[in-house]
Amino acid sequence: MLVSESSGPCWWDELPQECKLQVLEHLTARDTARAAGICREFAAHAHESRLATRTLKLPAGVSAAAVRGMVKAYSRAGKVRVHPSLTQMQALGSAIALGAEARVQGAPLEGLDLSNCRSLSENALLSFFTTIDTIRDLDASNCIEVSDACLRALAADLWQEEFDAEEDELAWEALQVQDLPQPRLVGKTRMHVEDAFAAARQAHSPLATTVSVGQRDLSGSQQQGRLRSLSVAGCTEITSAGVLNLLKACSHSLTSLNVSRTAVSTLQQSRWGVLQSLTANQCSNLTTVTFQLPASAPLRDLHLSGCTNLVKVVLTCAQLRSLNVSGNGSLTHLALNCAALESLSASQCPRLVGLVEESSFPALLNANFAFCKSLTDLDETLEACTGLLTLNVNGCIGLYRLALATQTEMLRLEAAGCKQMRRIICGSAALEVCMAQSCQLLQVLHLQGKSLRHLDVGGCSNLHELQMSRLERPVADLMAAARSGKDALFLNIDGCPRLSEDVVSRLKAAFKNPRPRIS
Amino acid sequence: MCSVILRSSDGADHVVSQEAASLSKTVQSLLEELEAAKDGEESILIVPLPNVCDCTLRKVLQYCIQHTMSAQQVTEGPTPSDELKKREMEAWDRDYIMVSTDELYHLVMAAHYLNVPGLLELCCEGIANLIRGKSPEHVRQCFGLVKDFEAPEEESIRCTNLWALVDEKEQAKK
C-alpha cells in the first residue's frame, strides 16, 4: 500500500515506545514471526508475544507443517482455537498433537476450541479428541453436525480409555458414595475413588497396563477422567440421551457443561458429579428442571435463560452461587433452596407470580426481577435476605408495595415504571441509588437516605409522603453536606405535584450538585 | 462556531474551527488554559505548536477537518446509513495515509505530540503495513535498521519462526 523509499532514514528507533507497541499490535502472528528476523528488538517482541499467548488461534490457510511448528513455538498456549476453514485438513489433529509434544518446557495442551466449525463431521471431532490425548476442555459449540451419536462415541472412548469393566463398576460404587449427602467430605470421598481405581488396577494389572500403553503417561489428575469442560451449544441435534451418555463417562471429571440451544429436554439428573457450571440457555424443549443435589455437589453456576417452554424450576443446591432464569416466558413455578445463592436473575419472566413459599436463599446479594409483569409480592420472599445489596424490580406492573425493612445493607433499589406500586419502604442507611420514576400511583416513599446520592421519582404524580431522615436537618447543613461530598448527586422530582414545598426545597438543597453532571 | 489559530514551528498560522482543533487533546488542553487566562477579552486564541512543522500541521489539519465534518453530517440531516458513511470514511483514511515513508514518520510524531488518537492509530497501521509481507532485509532497509544478531542466535530465531515461512515456500513451489 505504501511506497517505501529504499534510502529512508533510521527512524524506527526514534519512535516513542508506545507507538512502536501500537504498530506491532497490528501485525498478525505470521507477520510477527516473519519480522523476528529483522533485529533483536523485533525478535524479542515476537518472543514475548508468543509467551503471552494463552489461546493460540490457528489462522485460515495454514498448512499442517505450519500448524505443527506454530503449536510448538507457542509453548505456553494451553488452548488451541481452530479456524473453521481448517477442519477439512486431514492431518490437522496429528499436527497439533505433534506440535504440542515437541514443546520444550511448555504448558500441556488442554483446550481445543472448534466452535463454529459448522462442517466438522462427527468422526473428525472424535479423531481430534483421540489424537490429541491431552485435551480436557472441548468447545464444539455451533458444530451442527455433532449429534448424540458423537457424544456416545466420545463417551465410549472416555470409558475405554480410563477403565476396564471392573474399574468401571468400582467407580460407580465410589461415585454413589460421593453422591450421598455428606458435607465437607468431598476430599475424603475423592480419595475413595482413587483408592478404588488403584485397587482395581493392581488386581487386574495385565489389563491395566495394556490400557496405559495405549495412552501416554497420564498424570494423576487425568486418571480421574479426562474431560473437564464441554460446550455443545448450538448443536441442535443433541438431546438429553446423548448428554446423559457422556455424563456417565465423565461425571467425576466434568466441571463445566454448556448445552445451550440444543434439543435437550430434561436435566433431571442427580448424578452431576463434580459439575460446577451448567449452561442450558435457549433450550426450547426444556420444560422442567429439578435438581435435588447433595450438599457436597459443587454446582456453582446455573444458567437457564431464554428457555421459552420452561415452566418449572426446583432447585436444592447447597453450593449454588449464581442462578439465571431470565427471559423464560413460561416460567410459573420457581422453588429454590440454595443456602449459598448470591445472585439471582429472573428478569423478564412474565408469568412468574412469585417464588414458592418454602424457598430459602438467605445469602442473596443481588436480585433482579425486572419486567416480571405478574409478580405481586416480594416482601416475604426477600425477608430473610438480610444481606441484599441490589434489587431491580423495574417494570413489575403487578407489584403494589415493597417493604425492605430487614435489608439494612442495600445499596441500590430500582423500581421504575411499577404502575401499581403504592408504598416503598427501605430501611437501609447505606442506600445510594433509588430509582422509582414513573410509578404513577406511588404515594409513600420512606428511605433512610443517609448515603443517598441518586434519587429519581420523576413522574410519580401521586407521591405526597417522601420521608428521609437526612431531610430533617437545617437547610444550610444540607447544602454544606452536598458541597463537601465527593460523589456527583442526581435528583429528579419533576412531575410530582403533591410533594409539599418544604420537602421540595429541602431535597433541592440536599442534592445541590457542586459539579456539573457529565452527560 | 468559534475559530482558533494554530501556529506551526516555522511561524505559519492556520485558522481552524475550535471543534476540529480539539480533536488534538494537546491543543484542547492548551485552549482551556488560554481560555482561563484571557479574562473575558474577546480575541481569537492563538496556540503555538513549536514541535510541528508547517507541512505536517497542514496534513494533520486535513485529517481533523475531514473527521469533524463527517461527525457533523452524522448529527444533522438525513443519514444515508451509518454503515455506508463508515465505509466512506475508511476509504478516505486509506487514501490519506498513502504517503511517503518520510512523511509518515513526521505525521506519526506529530500525531503523538498533538495526541490525536484516531490519527495515531491510522499512522501506526500505516507503519505496520510497511512491515507486513516484506522480507526482513527489506524492512531493515526501509527503517534504516541494522541486523544485530550473532550467527547462532539468528539460527535459533529462524528455527522457532520457521512455521511462518513454510506455507510461502510451498506456494512458491506450486
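Sequence positions are assigned chain by chain, starting from 1 and proceeding in written order. Note on labels: chains are lettered from A, ligands numbered from 1, in written order. Given that this is a predicted model, residues contribute local features only at a pLDDT of at least 70 and side-chain atom pairs are listed and counted only at 80 or more, while totals for whole chains, interfaces and linings are drawn from all residues. Side-chain descriptors were evaluated using all non-hydrogen atoms of the structure, hydrogens and water having been removed beforehand.

Labelled according to an unreviewed UniProt entry, chain B appears under the name SKP1-like protein, originating from Coccomyxa subellipsoidea. UniProt positions are given in the numbering used here, feature names are shortened, and annotations may be inferred rather than shown by experiment. Database annotation for chain B, UniProt heading Subunit (unreviewed entry): "Part of a SCF (SKP1-cullin-F-box) protein ligase complex." Under Sequence similarities (unreviewed entry), UniProt gives the following word-for-word description of chain B: "Belongs to the SKP1 family."

As recorded in an unreviewed UniProt entry, chain A goes by the name F-box domain-containing protein, listed as coming from Coccomyxa subellipsoidea. For the record of chain A, the UniProt heading Subcellular location (unreviewed entry) holds the text "Cytoplasm, Cytoskeleton, Cilium axoneme".

## Describing the overall build of chain B
For chain B, the helix and strand inventory stands at nine helices and three strands. Counting helices and strands in the order they occur from the N terminus, chain B gives β-β-α-α-β-α-α-α-α-α-α-α. Of all intrachain contacts in chain B linking residues separated by at least 6 positions in sequence, the fraction that spans at least 24 positions is 57%. Of the accessible surface of chain B, which amounts to about 9800 Å², a share of 53% is contributed by carbon and sulfur atoms. By definition, any uninterrupted DSSP run of H or I lasting at least four residues is a helix, any uninterrupted run of E lasting at least two residues is a strand, and each is numbered from the N terminus. Only heavy atoms matter for contacts: two residues are in contact if any of them lie within 4.5 Å across the pair. Here, Shrake-Rupley sampling with a 1.4 Å probe gives the accessible areas, and only protein chains in the shown set may cover a residue.

## Considerations on the UniProt feature "domain: F-box" (unreviewed entry) in chain A
UniProt annotation of "domain: F-box" (unreviewed entry) refers to residues 12-51 of chain A when read in the numbering used here. With 70% helix and 0% strand, residues 12-51 of chain A has end C-alpha atoms that lie 24 Å from one another.

## So, the interface of chain B and chain A
In this assembly, 51 residues from chain B lie in contact with 44 residues from chain A. Here the quantity called buried area is the total loss of accessible area, with a 1.4 Å probe, experienced by two parts when brought into contact, counted for both. Across the chain B to chain A interface the summed buried area is about 4400 Å²; carbon plus sulfur atoms make up 63%. Just to be clear on terms, a salt bridge is a Lys or Arg side-chain nitrogen sitting within 4 Å of an Asp or Glu carboxyl oxygen. Counting across the interface, chain B meets chain A through three salt bridges. Polar contact is the term for a pair of N or O atoms within 3.5 Å; when the atoms are in protein, one must be able to donate a hydrogen and the other to accept it, and sequence-neighboring residues count only if both atoms are side-chain atoms. Applying the counting criterion to the chain B and chain A interface returns 13 residue pairs in polar contact (both at pLDDT 80 or more). For the side of chain B that touches chain A, the secondary-structure elements that each account for two or more residues are helix H5 (101-114), helix H6 (117-131), helix H7 (136-143), helix H8 (151-160) and helix H9 (163-173) of chain B.

## A look at the nonpolar core
In terms of nonpolar packing, the biggest core is built from 136 residues, with Ile96(A), Leu315(A), Phe369(A) and Leu391(A) touching the most fellow members. To define a nonpolar core, start from buried Ala, Val, Leu, Ile, Met, Phe, Trp, Tyr and Cys residues and group those joined through side-chain atoms within 4.5 Å. For each residue, the accessible area found with a 1.4 Å probe, counting protein chains only, is set against the maximum for its type, and the residue is called buried under 20%, exposed over 50%, and partly exposed in between. Core analysis: the second largest hydrophobic core is formed by 51 residues, Trp11(A), Phe42(A), Leu6(B) and Val27(B) among them.

## As for H7(B)
Each full turn of the α-helix corresponds to 3.6 residues, which orients residues three or four apart in the same direction. Every buried residue of H7(B) is accounted for by Pro136(B), Val139(B), Arg140(B), Cys142(B) and Phe143(B). In a view along the axis of H7(B), the buried residues occupy a sector of 165°, so they form one face of it. Buried residues in H7(B) make contact with helix H2 (29-35) of chain A together with H5 and H6 of chain B. Gly144(B) sits one or two residues past H7(B) and shows a positive phi near 70°. Note: the arc covers the axis-to-C-beta directions of the helix.

## A few points about the sheet that holds strand E8 (residues 288-292) of chain A
Residues and elements named next belong to chain A. The criterion for strand pairing is that DSSP finds at least two bridges linking the strands in question. Here we have three strands laid out as an open sheet, ordered E8-E10-E12, and parallel in their pairing. Looking at the sheet topology across the chains shown, the edges are occupied by E8 and strand E12 (333-337). In this sheet, neighbouring strand axes are inclined to one another by 5° on average, regardless of whether the strands run parallel or antiparallel. Judged from the five bridges that link them, strand E10 (residues 312-316) and E12 form a sheet pairing that is parallel. Every angle, taken between N-to-C directions, lies between 0 and 180 degrees, and every axis is a line fitted to C-alpha atoms, over only the stretch in contact when it is a helix.

## Section: the sheet that holds strand E3 (residues 45-48) of chain B
All names here are of chain B. Across the sheet, which stays open at both edges, the three strands sit in the order E2-E1-E3 with mixed pairing between neighbours. Either end of the sheet is taken by a strand with one partner, and the two such strands are strand E2 (13-17) and E3. Shown here is a sheet whose adjacent strand axes are inclined to one another by a mean of 30°, direction ignored. Two strands pair when backbone bridges link them, and strand E1 (residues 3-7) and E3 are joined in this way by four bridges, in the parallel orientation. Bridged to Leu-6 within E3 is Val-47.

## Concerning the UniProt feature "domain: SKP1 component dimerisation" (unreviewed entry) in chain B
Under the UniProt annotation, the feature "domain: SKP1 component dimerisation" (unreviewed entry) is placed at residues 117-164 of chain B. With 73% helix and 0% strand, residues 117-164 of chain B has its two end C-alpha atoms placed 32 Å apart.

## Details of a negative patch on the surface
Patch construction takes residues with relative accessible area above 30% that form no salt bridge. Like charges are linked within 9 Å, and nonpolar side chains (Val, Leu, Ile, Met, Phe, Trp, Tyr) are linked within 5 Å. His is not counted here, nor are the chain ends, while Lys and Arg score as positive and Asp and Glu score as negative. Here the site of a charge means NZ on Lys, CZ on Arg, CG on Asp, or CD on Glu. Side chains of Glu357(A), Glu358(A), Glu380(A) and Glu383(A) sit close together on the surface and give a patch of like negative charge. Relative to the helices and strands, Glu383(A) is located in helix H13 (residues 379-383).

## A short note on the pattern of salt bridges
A complete count under the given rule lists 16 salt bridges over all chains for this structure. Between Arg132(B) and Asp31(A) there is a salt bridge, with the nearest N and O atoms lying 3.3 Å from each other. Here Asp31(A) lies in helix H2 and Arg132(B) lies in the loop between H6 and H7, a pairing that spans two chains. Accessibility expressed as a relative area gives 30% for Arg132(B), which makes it partly exposed. On the basis of relative accessible area, Asp31(A) is assigned to the buried category, the value being 11%. Here the residues in one salt-bridge network are Arg40(A), Glu150(B) and Glu153(B), joined through shared partners.

## Here we look at the confidence of the model for chain B
Residue and element names in this part refer to chain B. Values of pLDDT, ranging from 0 to 100, describe the predictor's confidence in every residue of the model. When pLDDT is averaged along chain B, the result is 86, and 87% of the positions lie at 70 or above. The least confident element of chain B, judged by mean pLDDT, is H9 at 71; the most confident is H6 at 93. On the interface metric, ipTM, the complex scores 0.86, and its pTM is 0.74.

## Some remarks on the side chain of Thr279(A)
You can see Thr279(A) is positioned in strand E7 (residues 277-279). Apart from residues no more than four positions distant in its own chain, Thr279(A) is found in contact with Leu257(A), Asn258(A), Val259(A), Ser260(A) and His303(A).

## Some points on unusual backbone geometry
Residue and element names in this part refer to chain A. The phi dihedral of Asn-116 falls on the positive side, at around 70°, and the residue is not glycine. Along the chain, Asn-116 falls in the loop between strand E3 (111-113) and helix H6 (122-131). The backbone of Phe-371 shows a phi angle near 60°, a positive value even though the residue is not glycine. Following the sequence through the fold, Phe-371 ends up in the loop between strand E14 (366-368) and H13.

## Regarding the packing of aromatic side chains
Stacked, tilted and edge-to-face pairs are distinguished by plane angle, under 30 degrees for stacked and over 60 for edge-to-face with tilted covering the rest, among Phe, Tyr and Trp rings (Trp via its six-membered ring) whose centres lie within 6.5 Å. This model, assessed by the stated rule, comprises eight aromatic pairs over all chains. Where Tyr63(B) meets Trp92(B), the ring centres are 6.5 Å apart and the plane angle is 50°; that geometry is what we call tilted. One end of the pair, Tyr63(B), is in helix H3 (residues 54-75); the other, Trp92(B), is in helix H4 (residues 82-96), and 29 residues separate them in sequence. Residue Tyr63(B) is classed as buried on the basis of its relative accessible area of 5%. A relative accessible area of 22% means that Trp92(B) is categorised as partly exposed. One aromatic cluster is present, formed by Trp11(A), Trp12(A), Phe42(A), Tyr105(B) and Phe143(B) through successive ring pairs. When the ring centre of Phe129(A) is taken as origin, the NZ or CZ atom of Arg226(A), which lies over that ring, is 3.8 Å away. The rule for a charge over a ring is simple: NZ of Lys or CZ of Arg within 6 Å of the ring centre, and within 35 degrees of the ring normal.

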